[in-house]
Protein chains: 2
Amino acid sequence: VSLAPLPIDLPPVAEVARMPAGFRAGSVAAGIKASGRLDLGVLATTAGPASAAAVFTTNLIAAAPVRLSRAHLARSSGRVAAVLSTSGCANAATSAEGERDQAALVAALAAALGIEPELTIAISTGLIGTRLPVDVLRRPIAALAAGGLSDSNEALAGLADQMRTTDSRAKLATASLDLPAADGAPQPVVVSGVAKGVGMIHPSMATMLGLLLTDAAAEPATLQALLLPIVERTWNQLTVDGDTSTNDTVVLLASGASGAAPIAGDDAGRALRRAVEAVARSLARQQAADGEGATTLITCQVSGARDDPQARALARSVVASSLVKAAVHGRDPNWGRIAAAAGNARIDGRPAELAEPKLRIAICGVDVFAGRPLAFDRAGLARRMDAAEVLVRLDLGVGDGSGEAFGCDLSEAYVVENSAYSS
Amino acid sequence: VSLAPLPIDLPPVAEVARMPAGFRAGSVAAGIKASGRLDLGVLATTAGPASAAAVFTTNLIAAAPVRLSRAHLARSSGRVAAVLSTSGCANAATSAEGERDQAALVAALAAALGIEPELTIAISTGLIGTRLPVDVLRRPIAALAAGGLSDSNEALAGLADQMRTTDSRAKLATASLDLPAADGAPQPVVVSGVAKGVGMIHPSMATMLGLLLTDAAAEPATLQALLLPIVERTWNQLTVDGDTSTNDTVVLLASGASGAAPIAGDDAGRALRRAVEAVARSLARQQAADGEGATTLITCQVSGARDDPQARALARSVVASSLVKAAVHGRDPNWGRIAAAAGNARIDGRPAELAEPKLRIAICGVDVFAGRPLAFDRAGLARRMDAAEVLVRLDLGVGDGSGEAFGCDLSEAYVVENSAYSS
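Residues numbered from 1 in each chain as written. Chains lettered and ligands numbered in written order. Predicted model: local features only at pLDDT ≥ 70, side-chain atom pairs only at ≥ 80, totals over all residues. Heavy atoms only, no water.

**Q** How should the overall build of chain A be read in this particular structure?
**A** Broken down by element type, chain A carries 11 helices and 17 strands. Computed over C-alpha atoms, the radius of gyration of chain A comes to 22 Å, within 12% of the 22 Å expected from 2.2 N^0.38 for 423 residues, which places it in the range of a compact globule. Taken across its 423 residues, chain A has 62% of its residues classed as buried. Counting every atom, chain A has about 14100 Å² of accessible surface; 52% of that belongs to carbon and sulfur. Here chain A contributes 37 positive and 42 negative side-chain charges, whose respective centroids are spaced 3 Å apart. (Helix = DSSP H or I, 4+ residues; strand = E, 2+ residues; numbered from the N terminus. Rg over C-alpha atoms; globule rule 2.2 N^0.38 Å. Buried < 20%, exposed > 50% of the residue type's maximum accessible area, 1.4 Å probe, protein only. Areas by Shrake-Rupley, 256 points an atom, 1.4 Å probe, with all protein chains shown as cover. Lys, Arg positive; Asp, Glu negative; His and termini not counted. Charge placed at Lys NZ, Arg CZ, Asp CG, Glu CD.)

**Q** How should the relation of the copies chain A and chain B be read in this particular structure?
**A** Note on the identical chains: chain A maps onto chain B by a rotation of 180 degrees and an axial translation of 0.0 Å, with an RMSD of 0.0 Å. Here the two chains are linked by the operation of a two-fold rotation axis. Among all C-alpha atoms of chain A, that of A:E412 lies closest to the rotation axis, at 2.3 Å. Interface overlap between copies is the fraction of interface residues in one copy that are interface residues in the other; for chain A against chain B it reaches 100%, indicating a shared surface. (Least-squares fit on C-alpha atoms with pLDDT ≥ 70 in both. Contact = heavy atoms within 4.5 Å.)

**Q** I'm lost on the nonpolar core in this one. Help?
**A** Side chains of nonpolar character tend, in soluble globular proteins, to be buried together. Counting 232 residues, the largest nonpolar core has A:W235, A:L253, A:L394, B:W235, B:L253 and B:L394 as its most contacted members. The residues contacting A:L253, other than those within four sequence positions of it, are A:F23, A:L43, A:A50, A:S51, A:A52, A:V80, A:V83, A:L212, A:L213 and A:T214. Core analysis: the next-biggest nonpolar cluster, separate from the first, contains 21 residues, B:L40, B:L137, B:L144 and B:L149 among them. (Core = buried A, V, L, I, M, F, W, Y, C linked by side-chain atoms within 4.5 Å.)

**Q** Sorry, what's going on with the confidence of the model for chain A here?
**A** Low pLDDT means the predicted coordinates in that region are not meant to be read closely. On average, residues of chain A carry a pLDDT of 91, and 98% of them reach 70 or more. Across the interface, the model reports ipTM at 0.82; the global pTM reads 0.85. (pLDDT = per-residue confidence, 0-100.)

**Q** Please explain the interface of chain A and chain B as it appears in this structure.
**A** Frequently, the measure chosen for interface size is the accessible area removed from exposure when the parts meet. Counting from both sides, the interface comprises 59 residues of chain A and, opposite them, 59 residues of chain B. Between chain A and chain B lies a buried interface of about 4700 Å² when both sides are counted; carbon and sulfur atoms form 55% of it. Among the salt bridges present, the one from B:E356 reaches A:R67, with a minimum N-O distance of 3.9 Å. Taken together, the connections running from chain A to chain B amount to 17 residue pairs in polar contact (both at pLDDT 80 or more). Put simply, the parts of the chain that give the side of chain A that touches chain B at least two residues each are helix 2 (95-113), helix 8 (322-329), helix 9 (335-343) and helix 11 (412-420) of chain A. (Buried area = accessible area lost by both parts, 1.4 Å probe. Salt bridge = Lys/Arg side-chain N within 4 Å of Asp/Glu carboxyl O. Polar contact = N/O pair within 3.5 Å; in protein donor to acceptor, adjacent residues only side chain to side chain.)

**Q** Would you mind showing me how to read the packing of helix 2 (residues 95-113) of chain B against helix 3 (residues 134-147) of chain B here?
**A** The description of two helices packed together rests on the angle between their axes and the distance between the axes. Residues and elements named next belong to chain B. As a packed pair, helix 2 and helix 3 sit with axes 9 Å apart at the nearest point and diverge in direction by 25 degrees. Classed by the angle they form, the pair helix 2 and helix 3 counts as roughly parallel. The two elements helix 2 and helix 3 cross, and the hand of that crossing is right-handed. Note on element contacts: helix 3 touches helix 2 through V134, L137, R138, I141, A142 and A145, opposite D101, A104, L105, A108, L109, A112 and L113. Taken together, the residues of the contact of helix 2 with helix 3 break down into 11 nonpolar, no polar and two charged. (Axes fitted to C-alpha atoms, helices over the stretch in contact; angles between N-to-C directions. Parallel < 35°, antiparallel > 145°, perpendicular 65-115°, else oblique. Left-handed = near helix turned anticlockwise from the far one by under 90°. Nonpolar A, V, L, I, M, F, W, Y, C, P; charged D, E, K, R; others polar.)

**Q** I would appreciate a short explanation of the packing of aromatic side chains in the present structure.
**A** Residues and elements named next belong to chain B. Throughout the structure, instances matching the rule amount to two aromatic pairs over all chains. Between W335 and F369, the aromatic rings sit 4.9 Å apart at their centres with planes inclined by 35 degrees, giving tilted as the arrangement. Of this pair, W335 sits in helix 9 (residues 335-343) while F369 sits in strand 15 (residues 366-370), and the two are 34 residues apart along the sequence. Taking the relative accessible area as the measure of exposure, W335 reaches 4% and is therefore buried. (Phe/Tyr/Trp six-rings, centres within 6.5 Å; stacked < 30°, edge-to-face > 60°.)

**Q** Hey, could you run me through the side chain of B:E356 in this one?
**A** By the secondary structure assignment, B:E356 is in the loop between strand 13 (350-351) and strand 14 (360-363). At a separation of 3.2 Å, a polar atom in the side chain of B:E356 contacts the main-chain amide nitrogen of A:S95.

**Q** Any chance you could explain unusual backbone geometry here in plain terms?
**A** Most of the time, phi is negative for any residue but glycine, and the peptide bond is trans. Residue and element names in this part refer to chain A. Its identity as a non-glycine residue notwithstanding, R331 has a phi of 50 degrees, on the positive side. Take R331: it is sitting in the loop between helix 8 and helix 9. By relative accessible area, which is 15% here, R331 ends up buried.

**Q** What should I look at first to understand the sheet that holds strand 2 (residues 40-45) of chain A in this one?
**A** Within a sheet, each strand pairs with its neighbour through backbone hydrogen bonds, oriented either parallel or antiparallel. All names here are of chain A. Judged by pairing direction, the sheet is mixed, and its four strands sit side by side in the order 1-2-5-6 without closing on themselves. One side of each edge strand has no neighbouring strand; the edge strands of this open sheet are strand 1 (23-28) and strand 6 (120-127). Strand-to-strand twist in this sheet, taken as the mean axis angle between neighbours without regard to direction, amounts to 10 degrees. Strand direction decides the pairing type here: strand 5 (residues 82-89) and strand 6, joined by eight bridges, are parallel. Its bridge partner lying in strand 6, L84 is registered against A122. Helix-sheet contacts for helix 2 involve strand 1, strand 2, strand 5 and strand 6, and the interaxial angle to strand 5 is about 140 degrees. (Pairing = 2+ DSSP bridges.)

**Q** What is the right way to look at the pairing of strand 2 of chain A in this model?
**A** Note on strand geometry: in a regular strand, side chains alternate between the two faces of the sheet. Residue and element names in this part refer to chain A. Most of strand 2 sits out of view: six of its six residues are buried. Of the two faces of strand 2, both are covered, the one formed by L40, V42 and A44 as well as the one formed by G41, L43 and T45. Direction of pairing for strand 1 relative to strand 2: antiparallel, over a ladder of six bridges. Paired with F23 across the bridge in strand 2 is T45. Taken together, the five bridges between strand 2 and strand 5 define a ladder with antiparallel strand orientation. Among the inter-strand pairings, A44 is bridged to a residue of strand 5, identified as A82.

Structure follows, in structure tokens:
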């Protein structure tokens, strides 16, 4: 029996911007980027602070906005009324001066919006080691807060556009679901997300910037419990180049403005979790497909592992392999590199459970290895690999664990882009 | 005070072939490689089996020659009289058939040399998933054993040449030392090494093929105790592309033919260890400099770490970063990527001890970061980086641990080479 794709049991997602109730946003070109593109964005709530959950980079050189957001979320007990987004400057490795810059900017935003500074968080992306032009940004921040924010879908799309650096396009995703209102009647709820990041992408417990918004109602602790396993299965399974950024941040904000009752019961929580996961998975895949220099999304799906974490580690090892990535770029069904990459997978430094005689590998639906090399139409498979997505399927035959990971091919363009990216 | 290079306290090494007493070798083009280049090599001892120590790949898809060598070394209690080397075919992921192929070949060699098969080991490198042409190889193996082996330096150079696949040149290194003879008089001893491997290079507990030969005398257990920490400091600190091969093997053979007394005392053991480490370090650096598509050797030296393993992990994380590698290729002093890569270092899944305020970074002797970004002559540093070796120096300021790692820049040529490498 041939290895079929893993069934993905998640609700449908549209790759468009849809602003959930309770939020408004705005973006301007404020002068951080020399290109004159959008580089300053603000998201604000319209009816009091949203409940928030967040995960941040594990990089020990955490950026100033990451450190500020962690501190504010702790002080506010997970309440957020505004997000300040800057692009073109990461504000990372900028010492205490960078922290003061970041604090001054969110203080300016809080003053303009009339909220407490601890209800703000910040996300930032761009060059490491340069400082934000604080004085240049004060006026556009005040202008955005005073009259530049809108609850339109276009405003959310603009925010996604503002977050871009080397992204060739904005990443947007939205899902909808019904949750019970206080009277038990079904209440439409929206889950939307925007994300950026196609280089220095190898998230660990978090990822490059991702902002998930919903008008569902939930306590911060409920959101955090919901978010962590989703990030494990989606963004933590994304890799472009094996480098974990200093600025990785994923934030989930719930405004509660839909009218749905606060998440409490298992059914509502499960429905919201599935919608958030569907949006997160879509955004992670959009990021992989747009990886720097990439021409092909590589999805690796693993089944038959000892457990799900082992399956995920194996899948990630395959999509992270430079040699697998280069082979896919050359449309070369070089399954030996896939087997070697699988054999290298480690979970917290320990090897995964994998035995060559039980291992099966398929590429784009063609079985190529089943405990031993299989005969297959090499030219025909190379033609199948010339597609927008290449699916690598592995089965380990040792248990019921499964998982997937998302990456992209390695092209000359990746090298050119990253040799030239201004330092 | 500027960050100076780490002092490396090891004896001098010459990058030439010098056959230690007690060994002979020969190589031929036997037809494995379609190019018609050397692809079959034999090393044999001349005065009874040598003592052996070895480390092998941690890849779970270990190649047939790795599994055979492990088994033979266990049965022979670390004695080796012959090494069979094949290139052009890795004999990996070839199931039980590949194991039978490998056993048949070393049995043919043992018969031709008149030794027990368990005194043989095998190393192999090349494409994964293809089988060795056993019947084609029987005649050249017999011919080599019958009259094709020589104890000349040229024969050792030929063996290094035979091991090459994508290597642009052979890797050779030799050091000499005096050890006491039985009567206490100083006895000249040779330590030589050959190695191959410039792609699928990210050794873990071992590396691509490395053969270390000495005419010193030592028990296998003494050699193994000597070899493991050396591999930790040299080949395990080498990375070209982050992919750990299925065939990684390092073997240290001591013929005892120099006339030096068996290694027992601390002084002689230390002298031999230092010579072996000097040879291993030289070979690892030669491999990094010849990395697929590389134009520059990147050496990262870390001091001030909590301990040596943390320093080594950090150094390896820097030279393994795709973004650091691409920046060096573009001669771009983008130290933010170095800081980010250092912040990502993990030891068995746990973060290293690193604090941004204490971190110092220098590139090619120019200080660029010391708890905060430093002003420096960017164009001048870019010109310094246009060299055969780029030294990245980090000091963590938290302890006395130090270590280094070896890598290379990431070029368009790496991608072209690995997109086109025949599968």
